[in-house]
Structure formats: structure tokens, C-alpha cells
Amino acid sequence: MKHLRSLTLGLAAAIGCTLALSVPAAAQTKLKMVLNWKYQGPQGWFFLADDRGYFKAEGLDVQIDQGNGSGAAVPLVANGTYDVGFGDINALIELAARKPDEAPIAVYVMYNRPPFTIAVKADSPIKKPKDFVGKKLGGAANDGALKLFPALCKMTKVDCSKVEITNMQPNLREQMLMQGQVDGVFGYVNTIRFSAKLIGVADDKLRYINFGDYGMDLYSNAIIVSRKLVKDNPKAVAGFLRALNKGLQDSLKDPNAAVAAVAKREPLIKTPVERERFDATLQDEMNHPEIAKIGLGNADPERLKKSIDILVEANGLPRTPSVAEIFTPAFLPPVDDLPKKLF
């Protein structure tokens, strides 16, 4: 009898194991994400979150693709090519003003200081926006700073029609500037600075006309998601942000690990330069004083409203989107879990 009971228990255990193996694991929600640009150091928190299993723990299988400009991420999410994008919130505002039914929504504001700039050679006669008149400026078609140039012209009372604009491949930007093919180039300060460094151009060879110095205290890159994802799977949105926030917290504690996670995807990056870019991005693009109170990822509604008003007026947009159309804090982790200090 004892032997029979042992045999029965053994068979039950074996059957149980077989059944357990035959039951498929819970399917993970697949999400496609597009970055703002090619693989660079400051994207490390996305990859660290992936490598450390934070997305997987939230039931998510996230595919992260390189981007082609912060402005380009917005329509790619709007048209359903991607579920999530790391894109310029100002491009989102413009789309929401023109096509509100198609526009995605920002759920985590990463870059809270305006990085938009026009870089010129250090010895250039261009000192301020009015000096752009009669000059030739270049930028990639989807560059966030280029898209905001009409707003800068409006704010500084410069006649944009008297400035020649030429489009260029992003990888040729710094080279064309240094060769004198254009008088200035549009971009984000640290994108230009470190891309120039990679081709041997020292910091002291460049100067920057920063949009933020001329009344354009705008937010910049944010995590944006499709309206469809918000409606159909709000749990996935909240889970994505929890995982990302953990990856960001880890990156702040160990920047080298964050940059190494990028190098894992693109071994050809110059790790020391990308580490410098990581630090500079924290300092110049993410370190607005407001995060001490509201946390990184959140947005000040009053400040965002002013940004919306600036863009609507400067670009002659057909309507003024509400703050709620552009950003929602509904999916953020608790404020106490958001970074309040970056270094």
C-alpha cells in the first residue's frame, strides 16, 4: 500500500509537471518604440531597463528602433507605425493643433529644458538672431530646432523669408558647417557638440544661438504614446513608464552601465564621448529646477500652456490645444518614485 501510494503520488507529480509545461506562459504585450536619433549615450536608460528585465517584468516585449530626428518620432506614432516614441513635444503640439484626432499624447517628459540651438563657427559674425538675415542655415528636415525656427523668428522679430534654409543629411551637418557650406546649423546643443567632437572639432570652435535665451522656455523630448494604446491597453502604458523609470534610476546611479548598454547595441560608438554626452544631457537638457518638486517625467501645466501659446501664435496654428491634449500625468509612477535630483 505504501508503495502504491508513493507510485500514485509520483505519477500525480509527473502529470502535474507535464501539464505545467504544456500550459503556455502568459503572452507578453509587444510594443514597438522609435528613438529620437541613432544610438547614443543618453539613450542608455531605455536599454538598461530592457537588459535588466524591467519591461519583461511588466509583461512587455519592447522593440526599440533607431530614429531619424525628434520631430520624426511624432508622426510615426500618430500613423501607427510605432506604439511609443521618444519625440519632441513641440512637434506634438503642432500636430495636435492641426489634426487633433490623430495626435498621440506625451506621458513622461524627459527633456525639460530647451536644447534647441543654431550652431555657428566661433569666429562667425553671427552673434544673435537678427544676424541670420542674408545668411544660409542648414538642418535635417525632421530636426526639432529647424521646425521651431519660425517661432524663434517671431519671438525675435526676424524676417524668416530673408534667411536661406537648406536641408542636409544629419550626418553631414557639422562637416558642412566647418567647411563653410552653410553659416549655421540647426540641432540640439549636445547633439551638435558631441557629433562635432567625433569628427575632431573642439568645443571652442563653435558657438551656439540658443532658443531658450530668447523667451522660448520650452519642453523638449518626451515619451509619447498612441491614443489607441492609451485606450486599448492603459496597463501597458503605466508598466512601460514604471520600467523606464527604474532604468533611469539605475542609469543615474551607474552611468557607465547605461552607456555600456548602448554600446551593446552599437559597438562602434566611442564610449568615452558618449559618456560625456550622457553627463551633458543630464546637465543641460533634463535638469530644470522644477524636478525637485514635481519629479522628472512630470510637467508644470502652467509652463506647458505658455509653450503651447508660443507655438500657436508664432506658427499661426489653426487652434490652441489644451494642456490635457498634449500631456497626461495619469500613467506616471508615484511622484515619490520619480527622480528629484540627477547628480
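Residues numbered from 1 in each chain as written. Predicted model: local features only at pLDDT ≥ 70, side-chain atom pairs only at ≥ 80, totals over all residues. Heavy atoms only, no water.

Focus: the sheet that holds strand β8 (residues 184-188)
Okay, so step 1: Taken together, the five strands give an open sheet; going across it, the order is β7-β6-β8-β5-β9, and neighbouring strands pair in mixed fashion. On the outer flanks of this sheet lie β7 (164-167) and β9 (206-210), each paired with one strand and no other. The sheet shows a mean angle of 35° between the axes of neighbouring strands, direction not considered.
Okay, so step 2: The pairing of strand β5 (residues 116-121) with β8 spans four bridges and is classified as antiparallel. Opposite F116, over in β8, you have Y188 as the bridge partner. (Pairing = 2+ DSSP bridges. Helix = DSSP H or I, 4+ residues; strand = E, 2+ residues; numbered from the N terminus. Axes fitted to C-alpha atoms, helices over the stretch in contact; angles between N-to-C directions.)

Details of the nonpolar core
Okay, so step 1: F46, M110, I223 and F240 are the most contacted members of the largest nonpolar core, which totals 97 residues.
Okay, so step 2: Broken down by element, the residue count for this core peaks at nine residues, all from helix α11 (residues 234-253).
Okay, so step 3: Ignoring any residue separated from it by four or fewer positions in sequence, one finds F240 in contact with L31, M33, F55, L60, V62, V84 and I223.
Okay, so step 4: Among the nonpolar cores identified, the runner-up in size contains ten residues, and A119, M168, M176 and V185 belong to it. (Core = buried A, V, L, I, M, F, W, Y, C linked by side-chain atoms within 4.5 Å. Buried < 20%, exposed > 50% of the residue type's maximum accessible area, 1.4 Å probe, protein only. Contact = heavy atoms within 4.5 Å.)

Things to note about the pattern of salt bridges
Okay, so step 1: Tallying each qualifying case throughout the model produces 20 salt bridges.
Okay, so step 2: Note that D232 is salt-bridged to K228, the shortest N-O span being 2.9 Å. Remark: K228 and D232 occur in helix α10 (residues 227-232); sequence separation between them is four residues, near one turn of the helix.
Okay, so step 3: A residue is classified by how much of its surface remains accessible, and D232, at 48% relative accessible area, is partly exposed.
Okay, so step 4: Residue classification places K228 among the exposed residues on the basis of a relative accessible area of 60%.
Okay, so step 5: We note a salt bridge from K306 to E302, for which the minimum N-O separation is 3.9 Å. (Salt bridge = Lys/Arg side-chain N within 4 Å of Asp/Glu carboxyl O.)

So, the environment of G297
Okay, so step 1: Structurally, the position occupied by G297 is in the loop between α14 (291-294) and α15 (301-315).
Okay, so step 2: The class of G297 is buried, set by a relative accessible area of 0%.
Okay, so step 3: Linking G297 and Q169, residues 128 residues apart in sequence, is a C-alpha distance of 31 Å.
Okay, so step 4: Among residues more than four places away in sequence, those in contact with G297 are V107, Y108, V109, F327 and L332.

With respect to the state of the cysteines
Okay, so step 1: If you walk through the whole model with that rule in mind, you get one disulfide.
Okay, so step 2: Across the disulfide from C153 sits C160; the S-S distance is 2.1 Å. Between C153 and C160, the S-S torsion sits near 105°, and that sign places the bridge as right-handed. (Disulfide = S-S within 2.5 Å.)

Here we look at the sheet that holds strand β4 (residues 105-109)
Okay, so step 1: Read from one edge of the open sheet, five strands run β2-β1-β3-β10-β4, paired in mixed fashion. The strands lining the two open edges of the sheet, one partner per strand, are β2 (60-65) and β4. With strand direction ignored, the average angle separating the axes of adjacent strands in the sheet is 30°.
Okay, so step 2: Bridging between strand β1 (residues 29-34) and strand β3 (residues 84-88) involves two bridges; their strand directions are parallel. Among the inter-strand pairings, V34 is bridged to a residue of β3, identified as G85.
Okay, so step 3: Its contacts with the sheet place helix α4 (residues 70-78) against β1, β3 and β10 (221-225), and it is angled at close to 140° to β3.

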